[in-house]
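# What the coordinates show
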Amino acid sequence: MALSLQRYTRPDEMNSFTQFLKLRTMKVKERSMLIALEKIVCYLPENLIFEILSRLSVKDLLQFKSVCKSWCDIISSPVFVSKHLNNYYNNNDDWRGCLLAQFYVSHAEIQLYDKLVDETPRVVDYEILYNMPMYCSYVCGPCDGLYYVYQYYSDGRALWNPAINELKTLPEIIRKPDFPDEFTYARNEVYGFGFDHVTGDYKVVVMKSYWKLDRESNLKHHVSVLVYSLRADSWRYCGDLAKAYDLKRNKCYIYVNGCCYWLGSFGYRSEVIISFDMANDSFKEIDVPDNVLPSSKCLAVYDDSLVYLSLRETGKIFDIWSWSEEGCWTKKFSVGPLPHFSCPIGHWKGNRLILQSGDGKLLLYDPDTQETEDLAFKNLMQCQGVYAYMESLVSIKDQIQNEAGQQPEDS
């Protein structure tokens with residue numbers, strides 16, 4: 001399955017010679033900067049160097065590894081990688097200014113676009129995205145700059161850090177114990193990706209339905225929950241859901257307070273939300289808000305909490321319901337009528353929401369000001385998801401530990 005990446009905006013009428021001169025000038029400036037840094041490095045105390053570097057972008061840090069061996073050792077250390085995540089992403093909001101949007105073309109292709117928001121200086125590296133080692137259909141993330149990618153036709157799965165151009169193909173997914181030979185897993189699946197703060201492990205959770213191979217039988221069975229641990233580099237079976245739910249893939253990264261969430265349904269208008277706790281590998285079912293029959297809905301994050309976004313066809317009223325720690329839904333507010341909106345997609349920074357219009361545009365809606373911003377994506381194809389682009393130094397291969405506690409060879 002192919003992946004196509006297209007920049008939505010390009011330099012106006014820039015010919016190949018102008019591009020060559022621009023790249024050459026940039027490389028000269030970078031070499032000059034590295035030489036200057038090398039001259040002053042010996043005059044700065046190491047703790048100050050550590051603090052300054054931890055606030056720089058990944059692109060700069062990868063270049064600064066060439067300044068001297070001591071800088072390379074600092075930037076490569078696990079302590080620095082953790083410090084960089086805390087400093088750069090907690091105190092610098094610029095990384096949130098770039099998003100990735102996926103659109104469905106056909107079963108053979110998913111188009112992936114990148115777009116700057118709010119005129120921030122951050123830019124996705126076109127070459128890194130275009131030349132990613134594994135062509136994928138769907139993206140999920142980011143979690144500390146890592147993404148989970150799923151290739152529909154080949155059942156391929158991988159973890160990917162585009163900033164350092166690192167990708168790890170995941171092992172083949174396991175079958176549940178005592179899985180009968182006459183049954184098979186469906187190719188369609190829902191998935192989530194997050195971090196287990198108890199064990200310090202990155203985990204992928206996949207939910208797959210299964211049925212009999214007999215084509216005359218349309219009987220679906222309960223959904224299996226399978227979890228991949230990056231630290232152990234293996235899958236394990238974590239049980240089945242109570243019913244054969246039809247689960248909906250999230251169009252935005254839904255990972256809140258250590259849990260992933262998905263919308264599901266069973267029968268006519270019987271809806272539920274499935275949650276999975278990364279720390280204890282447990283799942284549970286949550287009822288959707290009472291008396292809500294929207295024409296379009298999705299899950300999102302608002303005020304660091306799970307919310308249920310629903311658009312009522314009658315009057316085009318947009319409702320936002322918030323899930324509390326006490327286990328109940330509260331309607332935060334309703335807005336409308338919004339005649340040009342067709343469906344909610346998810347959330348963005350500053351509690352803004354991403355919506356899609358009837359003509360295929362992606363819109364950014366601020367509930368506080370009730371202002372709408374056109375994200376300049378106009379695509380009549382179905383939007384499969386919108387995600388933040390986040391860079392980090394987190395190495396996927398460094399997270400893997402074998403039984404002897406040694407780092408494995410590169411996969």
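Note that the structure is a prediction, hence the values are computed from the model and not measured.

### Focus: empty space enclosed by the protein
Rolling a probe over the atoms, with the probe sized like a water molecule, indicates the empty space that remains. Counting across every chain of the model gives 3 cavities of 30 Å³ or more. Within this model, the largest cavity holds a volume of roughly 90 Å³. Surrounding the largest cavity, 13 residues form its lining, Cys 140, Tyr 191, Gly 192, Asn 250 and Cys 252 being those nearest its centre. Within the lining of the largest cavity, the residues separate by chemical class into 10 nonpolar, 2 polar and 1 charged. Considered as a void within the structure, the second largest cavity measures approximately 70 Å³ in volume.

### Observations regarding the packing of helix H2 (residues 46-53) against helix H4 (residues 69-76)
Between H2 and H4, whose axes approach to 11 Å, the crossing angle comes to 55°. The angle between H2 and H4 falls in the class oblique. As for the relative orientation of H2 and H4, their crossing is right-handed in sense. Residues Glu 46, Ile 49, Phe 50 and Leu 53 of H2 form the contact with H4, whose own contacting residues are Trp 71, Ile 74 and Ile 75. Tallied by class, the residues present in the contact of H2 with H4 amount to 6 nonpolar, no polar and 1 charged.

### Notes on the nonpolar core
Taken as a class, soluble globular proteins show a tendency for nonpolar side chains to be buried jointly. Leu 53, Tyr 148, Leu 159, Phe 193, Val 204 and Met 207 are the most contacted members of the largest nonpolar core, which totals 69 residues. By size, the runner-up hydrophobic cluster in this structure holds 17 residues, among which are Ile 254, Val 256, Tyr 261 and Val 288.

### Considerations on unusual backbone geometry
Between Gly 141 and Pro 142 the backbone carries a cis peptide bond, its omega angle lying at 5°. When you line up the elements, Pro 142 lands in strand E4 (residues 138-143). Even without being glycine, Asn 165 reaches a positive phi, approximately 55°. Structurally, the position occupied by Asn 165 is in the loop between strand E6 (156-161) and strand E7 (166-169). Look at Asp 304: it is not a glycine, yet its phi comes out positive at around 60°.

### Here's the deal with H4
Within H4, the full set of buried residues consists of Trp 71, Ile 74 and Ile 75. Down the axis of H4, the buried side of the element spans an arc of 95°, and every buried residue falls inside it.

### A closer look at the sheet that holds strand E20 (residues 329-335)
One open sheet holds the 4 strands; their spatial order is E17-E18-E19-E20, and the pairing between them is antiparallel. Each edge of the sheet is formed by a strand with only one pairing partner; in this case those strands are strand E17 (296-302) and E20. Looking at each pair of strands side by side, their axes are set apart by 25° on average, direction ignored. One ladder, built from 7 bridges, connects E17 with strand E18 (residues 305-312); its direction is antiparallel. Looking at E18, one finds that Tyr 302 is bridged to Ser 305.

Cut-offs applied
Residues numbered from 1 in each chain as written. Predicted model: local features only at pLDDT ≥ 70, side-chain atom pairs only at ≥ 80, totals over all residues. Heavy atoms only, no water. 1 Å grid on protein atoms, 1.4 Å probe; cavity = no way out; pocket = protein on both sides within 12 Å on 5 of 7 lines; lining within 4 Å. Points joined across faces, edges and corners; volume = space filled by probe spheres on them. Nonpolar A, V, L, I, M, F, W, Y, C, P; charged D, E, K, R; others polar. Axes fitted to C-alpha atoms, helices over the stretch in contact; angles between N-to-C directions. Helix = DSSP H or I, 4+ residues; strand = E, 2+ residues; numbered from the N terminus. Parallel < 35°, antiparallel > 145°, perpendicular 65-115°, else oblique. Left-handed = near helix turned anticlockwise from the far one by under 90°. Contact = heavy atoms within 4.5 Å. Core = buried A, V, L, I, M, F, W, Y, C linked by side-chain atoms within 4.5 Å. Buried < 20%, exposed > 50% of the residue type's maximum accessible area, 1.4 Å probe, protein only. Arc of directions from axis to C-beta. Pairing = 2+ DSSP bridges.

That's the geometry; what it means functionally is another story.
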